[in-house]
Amino acid sequence: MKFTQVFVDGQDYMRAWPMRAELAVLMPENRIIDLTRKAQVWIPLFAVLTVSLPIGLGLPEMVPSAIASALLMLSLPLQGLFWLGKRSQAPLPPGLRSWYRDLHQSMAEQGCQQVPKVASTPKFYDLAVTLKHAFEKLEQFIQSDR
């Protein structure tokens, strides 16, 4: 696997993971995804301010440490994406694996069409896709009952 593929997998996992309060209690993904998204928006601004402030105040001796601090800040969103990319390709532990299969089976029994294919060795990404699909179908079912 290429090093850059981990970041792409992290982005895909962020898109696939359903940001639901029910899952926030069970898994750290909600917090990591939320922090990574916020970091992607705000950290570049703080990095620019960190470097431009000593320049604007006429403190050239502070510029090297400001640049180092800015580079550290800019790495934070990448660290979140890296963690998510590694997590997405990690195999599910036995407890989550059985939950994944039970969820798949119950969705098939309910007659959900377009159920994602069951993976032989499911990964966290497979769980995310299945959960997202299940929540979408559940919301459609609830809205059709009204």
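Refer to the structure presented above.
Residues numbered from 1 in each chain as written. Predicted model: local features only at pLDDT ≥ 70, side-chain atom pairs only at ≥ 80, totals over all residues. Heavy atoms only, no water.

**Q** So, the pattern of salt bridges: which residues are in play, and what are the values?
**A** A complete count under the given rule lists four salt bridges for this structure. When the shortest N-O distance is used, the salt bridge between R20 and E22 registers 3.4 Å. Taking the shortest distance from any N to any O, the salt bridge between E29 and R87 comes out at 2.6 Å. Taken as a pair, E29 in helix α3 (residues 29-56) and R87 in helix α4 (residues 63-88) lie far apart in primary sequence, 58 residues in all. (Salt bridge = Lys/Arg side-chain N within 4 Å of Asp/Glu carboxyl O. Helix = DSSP H or I, 4+ residues; strand = E, 2+ residues; numbered from the N terminus.)

**Q** Any details on the layout of surface pockets? Residues and values, ideally.
**A** Unfilled space is identified by rolling a water-sized probe across the atoms. Considering only enclosed or pocket space, the largest pocket measures out at about 290 Å³ in volume. M107, C112, A134, K137 and L138 are the residues nearest the centre of the largest pocket, which is lined by eleven residues in total. Residue assignment for the lining of the largest pocket shows that the elements contributing at least two residues are α5 (94-109) and α6 (124-145). When residues of the lining of the largest pocket are assigned to their parent elements, the largest contribution, six residues, is made by α6. Of the residues in the lining of the largest pocket, the class split is eight nonpolar, two polar and one charged. (1 Å grid on protein atoms, 1.4 Å probe; cavity = no way out; pocket = protein on both sides within 12 Å on 5 of 7 lines; lining within 4 Å. Points joined across faces, edges and corners; volume = space filled by probe spheres on them. Nonpolar A, V, L, I, M, F, W, Y, C, P; charged D, E, K, R; others polar.)

**Q** Can you break down the packing of aromatic side chains residue by residue, with the values?
**A** Inspection of every chain in the model, using the stated rule, returns four aromatic pairs. Plain terms: the ring middles of F3 and F7 are 5.3 Å apart, the flat faces sit at 85 degrees to each other, and that makes the pair edge-to-face. With F3 and F7 both in helix α1 (residues 3-16), this residue pair falls four residues apart, about one helical turn. Using a relative accessible area of 19% as the deciding quantity, one classes F7 as buried. Taken together, a centroid distance of 5.9 Å and an interplanar angle of 50 degrees make the contact between F7 and F82 tilted. Here F7 is found in helix α1, whereas its partner F82 is found in helix α4, with 75 residues between them in sequence. Among the aromatic residues, ring-to-ring pairing joins F3, F7 and F82 into one connected group. (Phe/Tyr/Trp six-rings, centres within 6.5 Å; stacked < 30°, edge-to-face > 60°. Buried < 20%, exposed > 50% of the residue type's maximum accessible area, 1.4 Å probe, protein only.)

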